[in-house]
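Now for the letters of each chain:
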Amino acid sequence: MSIIKFFISKVFLKQIILAVVAIVVLSFIALKWLNMSTNHGDFETVPNLTGKSINLAEVELKDNNLVMQIQDSANYNPDYPKFSVIDQDPRPGAKVKENRKIYLTLNPSGYRQILVPNLEDKTFRLAKSTLEALEFKIGTLTYVDNIGKDIVLGLKHKGSPINPGDKLPKTAVIDLVLGNGKRP
């Protein structure tokens, strides 16, 4: 029997038809099963949790059949209460499946602590740019008799002297003691 006669024989054509029918039936059954098991067309709307406390956010997510996942944050925002939600993913109003994880970024309890750099005997200009780069704020400038004009002689925070290596909150106000360029 030649290969051409085999391809046009009734046995081969029956097998091809049976295979096509089996593929169509199995595909139909698989699509129906996927439609039922994935809840196709059933969505939950993500609520707006920004500014809400962690407990209130958890209750609201449970009411919407969603799961809370907390992400660590070092970005303190003074406009929001401590330990409240400052960001979320997916965004509010998004349509998601039930039991989807909603990633929440919380507002920490305060600014992180930053090491105070060694600025003694540096110029005011250098000290100012260094402190501002570390997000400290420059407070009052006090001038004392010293031959070096605008040379940093000391640093203070809330009236107390601070040393290089001390830790202060990120937006702390640092007062500078500078030389006025006159001989003592």
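Structure's up top.
Read on for a plain summary of the structure.

Parameters at a glance
- Residues numbered from 1 in each chain as written.
- Predicted model: local features only at pLDDT ≥ 70, side-chain atom pairs only at ≥ 80, totals over all residues.
- Heavy atoms only, no water.
- Helix = DSSP H or I, 4+ residues; strand = E, 2+ residues; numbered from the N terminus.
- Buried < 20%, exposed > 50% of the residue type's maximum accessible area, 1.4 Å probe, protein only.
- Areas by Shrake-Rupley, 256 points an atom, 1.4 Å probe, with all protein chains shown as cover.
- Lys, Arg positive; Asp, Glu negative; His and termini not counted.
- Charge placed at Lys NZ, Arg CZ, Asp CG, Glu CD.
- Pairing = 2+ DSSP bridges.
- Axes fitted to C-alpha atoms, helices over the stretch in contact; angles between N-to-C directions.
- Salt bridge = Lys/Arg side-chain N within 4 Å of Asp/Glu carboxyl O.
- Phe/Tyr/Trp six-rings, centres within 6.5 Å; stacked < 30°, edge-to-face > 60°.
- Lys NZ or Arg CZ within 6 Å of the ring centre and 35° of its normal.

Section: the overall build of the protein chain
Here is step 1 of the chain: The number of helices and strands found in the protein chain is four helices and 11 strands.
Here is step 2 of the chain: When the backbone C-alpha atoms are referred to their principal axes, the protein chain occupies close to 115 × 50 × 20 Å.
Here is step 3 of the chain: The proportion of buried residues among the 184 residues of the protein chain is 24%.
Here is step 4 of the chain: On the protein chain, roughly 12600 Å² of surface is accessible, and the fraction owed to carbon and sulfur atoms is 58%.
Here is step 5 of the chain: Taking the 24 positively charged and 18 negatively charged side chains of the protein chain as two groups, their mean positions are separated by 9 Å.

Comments concerning the sheet that holds strand E8 (residues 152–157)
Here is step 1 of the chain: Sheet architecture is open: four strands sit in the order E7-E11-E8-E9, paired in mixed fashion. Of all strands in the sheet, those with a lone pairing partner are strand E7 (137–144) and strand E9 (160–162), marking the two edges. For this sheet, the mean inter-axis angle between neighbouring strands, taken without regard to orientation, is 35°.
Here is step 2 of the chain: Two strands pair when backbone bridges link them, and E8 and E9 are joined in this way by three bridges, in the antiparallel orientation. Bridging from a neighbouring strand, His 157 pairs with Ser 160 of E9.

Digging into the pattern of salt bridges
A pair can form between side chains of opposite charge whenever their charged atoms are brought close.
Here is step 1 of the chain: Considering all chains together, one arrives at four salt bridges under this definition.
Here is step 2 of the chain: In this structure, the salt-bridge partner of Lys 52 is Glu 60, at a minimum N-O distance of 2.9 Å.
Here is step 3 of the chain: The salt bridge involving Lys 170 is made with Glu 135; its shortest N-O contact spans 3.6 Å. Placement of the pair is Lys 170 in the loop between strand E10 (167–169) and strand E11 (173–179) and Glu 135 in the loop between helix H4 (124–133) and E7, with a sequence separation of 35 residues.
Here is step 4 of the chain: By relative accessible area, which is 14% here, Lys 170 ends up buried.

Focus on the packing of aromatic side chains
Here is step 1 of the chain: Applying the stated rule across the entire model yields one aromatic pair.
Here is step 2 of the chain: Residues Phe 7 and Phe 12 carry aromatic rings whose centres are separated by 5.2 Å and whose planes lie at 65° to one another, so their mutual orientation is edge-to-face.
Here is step 3 of the chain: The aromatic ring of Phe 43 is capped on one face by Lys 97, whose charged end is 4.9 Å from the ring centroid.

Remarks on the sheet that holds strand E2 (residues 67–71)
Here is step 1 of the chain: Within the open sheet, the three strands sit side by side as E2-E5-E3. Their pairing is mixed. The open sheet has two edge strands, E2 and strand E3 (85–89), and neither has a second partner. Geometrically, the sheet is characterised by an average inter-axis angle of 30° between neighbouring strands, direction not taken into account.

Structural notes on unusual backbone geometry
Here is step 1 of the chain: The amide bond that connects Asp 89 to the next residue, Pro 90, takes the cis arrangement and shows omega of 0°.
Here is step 2 of the chain: The phi dihedral of Asn 99 is positive, around 65°, even though this residue is not glycine.
Here is step 3 of the chain: Relative to the helices and strands, Asn 99 is located in the loop between strand E4 (95–96) and strand E5 (101–106).
Here is step 4 of the chain: Residue class for Asn 99 comes out exposed when judged on its relative accessible area of 54%.

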